[in-house]
Amino acid sequence: MLTLLQLSDIHFKKFDNALDEYTEMRQRMKDCVADYCQTGHIDCLMICGDVAFSGNAYEYENKAKPFIADLLERMGAEVKDVFVIPGNHDKNREAPGKHTRAFLRDGLLYDVEADFLLDSIKREEPDTLKNLYAPFHDYMEFANEYSCLSGVAEKMLSDSNVGFSDRMFWNYKLATIGDYTIVLNGINSCLVSDGKDEKGHIQALPAMLYKTVQERKVVNICMMHHPMEQIEKGVAIESQLDDLYAMQFYGHIHKQSYKKGDAIKVFSGALQPDIYEEEDKKQYQPVFNIVEIDVQGDTLSLTVKPYIWDWNTEDVSFKAGKQEAFTLDLTRQREARTIHNHQNRNLPEGVTIRDVKIRLMSYSHYHNIIKEMYEDFEVTGDKGKDCIRFFEQVEREGRIVELNNKLNQYGR
């Protein structure tokens, strides 16, 4: 069985905890997780967007990262067990190029050839692609520390050239349960969330942002911020997602709900919903989920255990809500290719390429290892960019095992 801690819409703001109305609530949440882990186990933390409120570095460095570190300590987990995707609040909408992005928004939303438009931009106009990713800069610096950037996002952050094979979403193997491999996919639904049009906060989701391949004996999970009701042509895209992703996790709505059809969908609610009036407390309650995933034969089971903040009791704490359980027949998946082994087979058992990347990022003297392996490598002092460019070279030259051994020598 695989157990996830699912959060969304934390909205960390740029002010001291003493002025933060949610400071006590977050502490109670961490206590609740610690209590659960006394008898249970949580394998990984999954944050479905809107980590920050304004997408600036202060919110990530001084609020989000310490909070995540505290949670990991209570879970008995590591940095490699964290998975994040961006929400619309994880953007600096005043980043340079906002007028160009306004034109791109209309093209990606309403052009019938939007998929081919984005493909052409990726292949032929990388500077335009940089414009789309510019508002995510501080978020990408944050997400890079958890190795939760797509290949394209890594290139945007490191100012490297985007290659044909660089994808616009990331995926990682979480576990093998029975005969099935569980793969988590992170999707950015916020490329055009700079403005609001007559339809509301409608988003674009071109195929390049989500379209993976359904492989034999693989259960694909996706996590993204916006549900299909917020996506232009969402009905048609939802049908494709249901073919590809047996489980889907969403944020943004601030209210928890579920949907079961050809796939199981969990709309997580908000850990820290915006509360402007007392009436809002009746509509939006802070919530987080503990999600259990299991596979028996060809049957997938998913159990959601919500923990809900009760505004109205003197003993303020998270209370266990109504548990929901779902099953899905995995034989519905069409015949597909056997999964490719994306790991380096020469790494020690249980160690993945992603693990090595995260260990490098967490090492303060990373430049020593870089120089040992590539004496002529230009170290700029920008840790995120240096590590991305260095790791690309290591992967390209097949030196992952050597890097892992050096990290072991340095005690990392």
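Here the structure is a predicted model, which means the values were calculated and not measured.

Engineer: Tell me what's going on with the overall build of the chain, and back it up with residues and numbers.
Structural biologist: For the chain, the helix and strand inventory stands at 13 helices and 13 strands. In terms of overall dimensions, the chain is globule-like: its C-alpha atoms have a radius of gyration of 21 Å, near the 22 Å expected for 412 residues. Each of the three principal axes of the chain carries a C-alpha extent, and together these read 65 × 55 × 50 Å. Excluding contacts between residues fewer than 6 apart, the proportion of contacts in the chain whose partners are at least 24 apart in sequence is 68%. Here the chain contributes 50 positive and 68 negative side-chain charges, whose respective centroids are spaced 2 Å apart.

Engineer: Can you lay out the nonpolar core for me, pointing to particular residues and giving the numbers?
Structural biologist: Across soluble globular proteins, nonpolar side chains have a tendency to be buried as a group. Among the nonpolar cores identified, the biggest contains 109 residues, and Leu5, Leu7, Phe249 and Phe288 are the most heavily contacted of them. With seven residues, helix α2 (residues 57-75) is the largest single contributor of residues to this core. In contact with Phe249, not counting residues within four places along its chain, are Leu4, Gln6, Met46, Cys48, Ile221, Cys222, Met223, Met224, Val266, Val291 and Leu302. Formed by 19 residues, the second largest nonpolar core is a distinct cluster that contains Val356, Leu360, Tyr363 and Met373.

Engineer: Got a sec to walk through the pairing of strand β2 (residues 44-48)? Specific residues and values, please.
Structural biologist: In terms of burial, β2 is largely enclosed, as five of its five residues are buried. Residues Cys44, Met46 and Cys48 of β2 are buried on one face, and the alternating residues Leu45 and Ile47, pointing to the opposite face, are buried as well. Two strands pair when backbone bridges link them, and strand β1 (residues 2-7) and β2 are joined in this way by four bridges, in the parallel orientation. Bridging across to β2, Leu4 finds its partner in Cys44. Summarising the sheet, β2 and strand β3 (residues 82-85) pair through four bridges and their orientation is parallel. Bridged to Met46 within β3 is Phe83.

Engineer: Any chance you could break down the sheet that holds strand β4 (residues 170-177) for me, citing the residues and the numbers?
Structural biologist: Strands in a sheet are paired, the pairing made by backbone hydrogen bonds, and the direction either parallel or antiparallel. Judged by pairing direction, the sheet is mixed, and its six strands sit side by side in the order β4-β5-β6-β7-β9-β8 without closing on themselves. Each end of this open sheet is capped by a strand with a single partner; those strands are β4 and β8 (256-260). Strand-to-strand, the axes of this sheet are offset by a mean angle of 15°, without reference to chain direction. Direction of pairing for β8 relative to strand β9 (residues 264-268): antiparallel, over a ladder of five bridges. From the neighbouring strand, Lys259 faces β9, where its bridge partner is Lys265. Strand contacts of helix α8 (residues 234-244): β6 (218-224), β7 (247-250), β8 and β9, with the helix running at about 125° to β7, the strand carrying the most contacts.

Engineer: Explain unusual backbone geometry to me, using residue names and the numbers behind them.
Structural biologist: If you check the backbone angles, Asp9 has positive phi at about 55° while not being a glycine. Examined against the element boundaries, Asp9 turns out to sit in the loop between β1 and α1 (23-39). The exposure class assigned to Asp9 is buried, which follows from its relative accessible area of 0%. In this model, Lys233 sits at a positive phi of 60°, which is unusual for a non-glycine residue.

Engineer: Just give me the short version of the pairing of strand β10 (residues 287-296), but keep the residues and values in it.
Structural biologist: With nine of ten residues buried, β10 lies mostly within the body of the structure. Two elements, β1 and β10, share five bridges in a ladder whose sense is antiparallel. Considered in β10, the bridge of Leu2 is made with Ile293. In sequence, β10 turns back onto strand β11 (residues 299-309) through a hairpin of two residues, with Gly297 there showing a positive phi of about 65°.

Engineer: So, helix α7 (residues 151-158): which residues are in play, and what are the values?
Structural biologist: Counting buried residues in α7 gives eight out of eight residues, a clear majority hidden from the surface. Three or more residues of α7 are buried, namely Gly151, Val152, Ala153, Glu154, Lys155, Met156, Leu157 and Ser158. Against the buried residues of α7 lie α4 (114-124), α5 (126-133), α6 (137-144), α10 (353-361) and α12 (383-396). Directly beyond the C-terminal end of α7, a positive phi value near 60° is found at Asp159.

Engineer: Quick rundown of the pattern of salt bridges? Include the residues and the values.
Structural biologist: Applying the stated criterion across every chain, the model contains 23 salt bridges. Across the pair Arg28 and Asp31 runs a salt bridge whose closest N-O atoms are separated by 3.0 Å. Remark: Asp31 and Arg28 occur in helix α1; sequence separation between them is three residues, near one turn of the helix. Judged by its relative accessible area of 27%, Arg28 falls in the partly exposed class. You can call Asp31 partly exposed: its relative accessible area is 27%. The shortest N-O distance in the salt bridge between Lys98 and Glu94 comes to 2.7 Å.

Engineer: Just give me the short version of helix α3 (residues 98-110), but keep the residues and values in it.
Structural biologist: The terminal C-alpha atoms of α3, which comprises 13 residues, lie 18 Å apart, in line with the 18 Å expected from a rise of 1.5 Å per residue. Of the positions making up α3, those classed as buried are Arg101, Leu104, Arg105, Gly107, Leu108 and Leu109. Of the surrounding secondary structure, the elements contacted by the buried residues of α3 are α4 and α5.

Engineer: Break down the packing of α2 against α6 for me, with residues and values.
Structural biologist: The contact between α2 and α6 brings their axes to 10 Å, and the two run at 25°. Here α6 runs roughly parallel to α2, going by the angle between their axes. Here α2 runs over α6; the crossing is right-handed. Between α2 and α6, the contacting residues are Ala57, Tyr60, Ala64, Lys65 and Ile68 on the first element and Asp138, Tyr139 and Phe142 on the second.

Engineer: Please set out the packing of aromatic side chains residue by residue, giving values where relevant.
Structural biologist: The tally for this structure, following the rule as stated, stands at 17 aromatic pairs. Taking the centre distance of 6.4 Å and the plane angle of 55° together, the rings of Tyr133 and Phe136 count as tilted. Summarising the aromatic geometry, the rings of Phe377 and Phe390 are spaced 6.1 Å apart at their centres and angled 85° between planes, so their arrangement reads as edge-to-face. You can see Phe377 sitting in the loop between α11 (366-373) and α12 and its partner Phe390 sitting in helix α12, a full 13 residues away along the chain. Owing to a relative accessible area of 0%, Phe390 belongs among the buried residues under this scheme. Pairwise contacts between aromatic rings join Tyr60, Tyr139, Phe142 and Tyr146 into one cluster. The ring of Tyr172 carries the charged tip of Arg354 above its face, separated from the ring centre by 4.8 Å.

What counts and what doesn't
- Residues numbered from 1 in each chain as written.
- Predicted model: local features only at pLDDT ≥ 70, side-chain atom pairs only at ≥ 80, totals over all residues.
- Heavy atoms only, no water.
- Helix = DSSP H or I, 4+ residues; strand = E, 2+ residues; numbered from the N terminus.
- Rg over C-alpha atoms; globule rule 2.2 N^0.38 Å.
- Contact = heavy atoms within 4.5 Å.
- Lys, Arg positive; Asp, Glu negative; His and termini not counted.
- Charge placed at Lys NZ, Arg CZ, Asp CG, Glu CD.
- Core = buried A, V, L, I, M, F, W, Y, C linked by side-chain atoms within 4.5 Å.
- Buried < 20%, exposed > 50% of the residue type's maximum accessible area, 1.4 Å probe, protein only.
- Pairing = 2+ DSSP bridges.
- Axes fitted to C-alpha atoms, helices over the stretch in contact; angles between N-to-C directions.
- Salt bridge = Lys/Arg side-chain N within 4 Å of Asp/Glu carboxyl O.
- Expected span 1.5 Å × (residues − 1).
- Parallel < 35°, antiparallel > 145°, perpendicular 65-115°, else oblique.
- Left-handed = near helix turned anticlockwise from the far one by under 90°.
- Phe/Tyr/Trp six-rings, centres within 6.5 Å; stacked < 30°, edge-to-face > 60°.
- Lys NZ or Arg CZ within 6 Å of the ring centre and 35° of its normal.

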